[in-house]
Amino acid sequence: AGAQALSAGYQEYIVLGRDSQVFSFLEFVHEYEDSSFAAYTASESVVTLTATLDGQTVIYDHWEDGYEDDPLNPVQGTTVTYVLNRGQVLSLASNGAGTAIDSVIPMPRDSADVRYDGGDRVVSLGGPVDLAHNMWPENLVYIGGAWEVYAKQALAGFLSYRIPVGRNSYVDNGGDTGSFAPFKHVALQIAAFEDGTRVVVDNGTDQVVVTLSRGETYFTGFYDPRIPGVTGGAVDELGAPSIEVLENTLVSATKEVQVGILTGSDGYLQTRFFNAIPLKAYGRDYIVPIRGTGAADANLYLFNPNITEAQVTVFQSGQTDSFTIPATAATSLD
């Protein structure tokens, strides 16, 4: 009955990326590849959204004081309602530019500090918004990343993900020139939209099962390759064990979840955040949105999630190349 009362323009988002967990991953990459991270004690976070239609009502509901029972009729003082028009951008920053909610996020994280960060809920009435979450350690701008955030309604019925890369994709050829070089360190953020969401993560060797409440995030893959068989963090903040993220790791859930991939490598402490795409959303035809130039290299990573080999043809600059990708494997083109 509640769902039937909602307009077709109702969209609900959970901001992907719990800042304390992401901060821990960035700390690990920094210390593994460079030096001590002790001087960095806070995180900066920016949540940005853009309206797609005139007259959209956007409700921003913070996780720290608990979600509103009814976001359409908020009662908490921290919940803010905005009315936006098409193309209008709302950028909500906890980066030290102001006081209180605009301040940086102290680490370790204290839930008494209300900030614009991962785990917050956004409800849009009248149409969807384009939503992104960007974060980095305070005063350390060369390590960090951003995710696009998808609405629960956009992910309806998508319950399984295959992670296309993992730590076993990386081959060390010395320095930062290894095969699949960006994926020396790989971790996952798995966020739930609803209470009672049961999530299974299976890397082909180990398996973890965790039940999430609305807005909770399971963090896994915090793995230290210097110590074979040992994870950098024994458990995540929910008390669930962490397992290594390998190529073709399966993430499946009983209700919709969103999955973010964190990667790091050597060289200039390269970190990247990628959105995992639900298995049913994969296609057969793609247009690559970048163009390599003489001044910059480009790499293309292709993953075959099927249980049989896939025949792939690449068309570029009047040239056609065909090759085979084995079942549940990835390949790299440069």
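Participant: When you look at the overall build of the chain in this model, what are you seeing that I'm missing?
Facilitator: Along the chain, the regular secondary structure elements total one helix and 21 strands. Expressed as a percentage of the 334 residues in the chain, the buried residues total 47%. Here the chain displays about 15,900 Å² of accessible surface, and carbon together with sulfur accounts for 50% of that area.

Participant: Where do I start with the sheet that holds strand 13 (residues 207–212) in this structure?
Facilitator: Hydrogen bonds between backbone atoms are what pair the strands of a sheet, whose relative direction is either parallel or antiparallel. Across the sheet, which stays open at both edges, the four strands sit in the order 10-15-12-13 with antiparallel pairing between neighbours. The sheet is open, and its two borders are formed by strand 10 (160–163) and strand 13, each paired with just one other strand. Sheet twist, expressed as the average angle between the axes of neighbouring strands with direction ignored, equals 15 degrees. As judged from the six bridges shared by strand 12 (residues 197–202) and strand 13, these two strands associate in the antiparallel manner. When the sheet's bridge partners are listed, Val200 is paired in strand 13 with Val209.

Participant: Could you clarify how one ought to interpret the pattern of salt bridges in this entry?
Facilitator: Two side chains with opposite charge may pair up if their charged atoms get near one another. Scanning all chains against the criterion turns up eight salt bridges. Across the salt bridge formed by Glu194 and Lys152, the nearest N and O atoms sit 2.4 Å from each other. Taken together, the positions of Glu194 in the loop between strand 11 (185–192) and strand 12 and Lys152 in the loop between strand 9 (145–149) and strand 10 put the pair 42 residues apart, joining distant regions of the chain. For the salt bridge of Glu244 with Arg167, the shortest nitrogen-to-oxygen distance reads 2.6 Å. Here Glu244, found in the loop between strand 14 (217–220) and strand 15 (249–253), pairs with Arg167, found in the loop between strand 10 and strand 11; they are 77 residues apart in sequence, far enough to count as distant. The pair formed by Glu244 and Arg167 is uniform in burial state, with each residue classed as buried. Ionic contacts of the salt-bridge type, sharing partners, join the residues Glu12, Asp61, Arg121 and Arg214 into one network.

Participant: What exactly am I supposed to notice about the sheet that holds strand 17 (residues 271–275) here?
Facilitator: Sheet architecture is open: four strands sit in the order 14-11-16-17, paired in antiparallel fashion. Both edges of this open sheet fall to strand 14 and strand 17, since each of them pairs with a single strand only. Each neighbouring strand pair of the sheet contributes to a mean axis angle of 20 degrees, computed without reference to strand direction. On top of the sheet, helix 1 (residues 19–33) reaches strand 11, strand 14, strand 16 (257–264) and strand 17; it is set at about 180 degrees to strand 11, its chief contact.

Participant: What is the right way to read the nonpolar core from this model?
Facilitator: Note that soluble globular proteins tend to have their nonpolar side chains buried in a common cluster. Ranked by internal contacts, the top residues of the largest apolar core, which has 38 residues, are Leu49, Tyr60, Val122, Leu131 and Leu262. Put simply, the parts of the chain that give this core at least two residues each are helix 1, strand 2 (42–51), strand 3 (56–61), strand 4 (80–84), strand 5 (89–94), strand 8 (129–137), strand 9 and strand 11. Ranked by the residues each element gives to this core, the list is headed by helix 1, at seven residues. The residues contacting Leu131, other than those within four sequence positions of it, are Tyr13, Val47, Thr48, Leu49, Val122, Trp147, Glu148 and Val149. One finds Trp63, Leu155, Val165 and Val259 within the second-largest nonpolar core, a separate group that totals 31 residues.

Participant: Mind showing me how you'd approach helix 1 here?
Facilitator: It helps to recall that an α-helix has 3.6 residues per turn; residues three or four apart then point in one direction. Spanning 15 residues, helix 1 covers 21 Å between terminal C-alpha atoms, matching the ideal 21 Å at 1.5 Å per step. Helix 1 sits mainly inside the fold: eleven of its 15 residues count as buried. When helix 1 is considered as a whole, its buried residues turn out to be Asp19, Ser20, Gln21, Val22, Phe23, Phe25, Leu26, Phe28, Val29, His30 and Tyr32.

Participant: Can you help me understand the environment of Ala327 in this one?
Facilitator: Among the secondary structure elements, Ala327 is positioned in the loop between strand 20 (319–325) and strand 21 (329–333). With 79 residues separating them in the primary sequence, Ala327 and Asn248 have C-alpha atoms 9.8 Å apart. Those residues in contact with Ala327 that lie beyond four places of it in its chain are Asn304, Asn306, Ile307, Thr308 and Glu309.

What counts and how
Residues numbered from 1 in each chain as written. Predicted model: local features only at pLDDT ≥ 70, side-chain atom pairs only at ≥ 80, totals over all residues. Heavy atoms only, no water. Helix = DSSP H or I, 4+ residues; strand = E, 2+ residues; numbered from the N terminus. Buried < 20%, exposed > 50% of the residue type's maximum accessible area, 1.4 Å probe, protein only. Areas by Shrake-Rupley, 256 points an atom, 1.4 Å probe, with all protein chains shown as cover. Pairing = 2+ DSSP bridges. Axes fitted to C-alpha atoms, helices over the stretch in contact; angles between N-to-C directions. Salt bridge = Lys/Arg side-chain N within 4 Å of Asp/Glu carboxyl O. Contact = heavy atoms within 4.5 Å. Core = buried A, V, L, I, M, F, W, Y, C linked by side-chain atoms within 4.5 Å. Expected span 1.5 Å × (residues − 1).

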